[in-house]
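# Structural features, examined
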Amino acid sequence: NAGVTQTPKFRVLKTGQSMTLLCAQDMNHEYMYWYRQDPGMGLRLIHYSVGEGTTAKGEVPDGYNVSRLKKQNFLLGLESAAPSQTSVYFCASTPGPFRGYTFGSGTRLTVV
Amino acid sequence: KNQVEQSPQSLIILEGKNCTLQCNYTVSPFSNLRWYKQDTGRGPVSLTIMTFSENTKSNGRYTATLDADTKQSSLHITASQLSDSASYICVVSSYSGGGADGLTFGKGTHLIIQP
């Protein structure tokens, strides 16, 4: 039982390049989330999904897009990367509200 | 604005000693409070979740307390081990319906256990 798997684990992008981060969970969870973690700050919600085919904006959605075509996968896209998007990105899933989250191990992204 | 403040920012203790981490919050409406452990280079792992009516919850050597009146929580670690070295994050939910849990994350307390 793998839990939440994020790929890739590390990536370096040049300003203006695009990329997609993949999150896959095998727990049949309905809710999935993308967070970013920056030094000296708490985790901040980028986008989330409450089920297959649904997405919604979180606290810091600008510059990111998401898709949830399959229940087990939640993709985070950067169309034109900027240095301000240098961060560690975490995906999380949960069966529903009031329940604990299972986090992936993170993707460390550097934009130069 | 919802806020979660944790103290201390960092803490160093000797292996075998006990310690207590603090969390103060101004989150409304309050739904639940969670403590997570985050090892370096890993994602956070849930330790406890407490609702308004719960004032203490344990998970092995970890015991969390909640005072909803003063909006304070603490995480007590008993007989610390080297593997307890990590960041401990307090998270408060203001879920009131809809999709997102309305989580507000603290910045964490960085705990180092020395042999």
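Structural data are supplied above this passage.
Description of the structure in this document. (Residues numbered from 1 in each chain as written. Chains lettered and ligands numbered in written order. Predicted model: local features only at pLDDT ≥ 70, side-chain atom pairs only at ≥ 80, totals over all residues. Heavy atoms only, no water.)

Below, the discussion takes up the pattern of salt bridges. All names here are of chain B. In the structure shown here, the tally under the stated rule is six salt bridges over all chains. The partner of Glu54 in a salt bridge is Lys57, and the shortest N-O contact between them spans 3.1 Å. Between Arg61 and Asp84 there is a salt bridge, and its shortest N-O distance comes to 2.8 Å. Remark: Asp84 occurs in the loop between β8 (72–77) and β9 (86–93) and Arg61 occurs in the loop between β6 (56–59) and β7 (62–67); sequence separation between them is 23 residues. Given a relative accessible area of 24%, Arg61 falls into the partly exposed group. With a relative accessible area of 1%, Asp84 lands in the buried category. (Salt bridge = Lys/Arg side-chain N within 4 Å of Asp/Glu carboxyl O. Helix = DSSP H or I, 4+ residues; strand = E, 2+ residues; numbered from the N terminus. Buried < 20%, exposed > 50% of the residue type's maximum accessible area, 1.4 Å probe, protein only.)

With that settled, consider the interface of chain B and chain A. Across the boundary between the two partners, chain B contributes 21 residues, which contact 20 residues of chain A. When chain B packs against chain A, the two sides together hide about 1,500 Å² of surface, and 59% of this comes from carbon and sulfur. Where chain B packs against chain A, one counts zero salt bridges. Here chain B and chain A share three residue pairs in polar contact (both at pLDDT 80 or more) between them. Going through the elements one at a time, β4 (32–38), β5 (45–51) and β10 (103–105) of chain B are the ones with two or more residues in the side of chain B that touches chain A. By residue number, the principal contributor to the side of chain B that touches chain A is β4 of chain B, which donates four residues. Looking at the side of chain B that touches chain A residue by residue, the class counts come to eight nonpolar, nine polar and four charged. (Contact = heavy atoms within 4.5 Å. Buried area = accessible area lost by both parts, 1.4 Å probe. Polar contact = N/O pair within 3.5 Å; in protein donor to acceptor, adjacent residues only side chain to side chain. Nonpolar A, V, L, I, M, F, W, Y, C, P; charged D, E, K, R; others polar.)

This paragraph deals with the pairing of β9 of chain B. Each regular strand carries side chains that alternate between the two faces of the sheet. Residue and element names in this part refer to chain B. Burial runs high along β9: seven of the eight residues are buried. Across three bridges, the pairing between β9 and β10 is antiparallel. Bridge pairing links Val91 to Phe105 in β10. (Pairing = 2+ DSSP bridges.)

We now examine the state of the cysteines. Residue and element names in this part refer to chain A. In this structure the tally under the stated criterion is two disulfides over all chains. Across the disulfide from Cys23 sits Cys91; the S-S distance is 1.9 Å. Disulfide Cys23-Cys91: the torsion about the S-S bond is -75°, which places it as left-handed. Of this pair, Cys23 sits in strand β3 (residues 19–25) while Cys91 sits in strand β9 (residues 87–94), placing them 68 residues apart in sequence. There is no split in this pair, since Cys23 and Cys91 are both buried. (Disulfide = S-S within 2.5 Å.)

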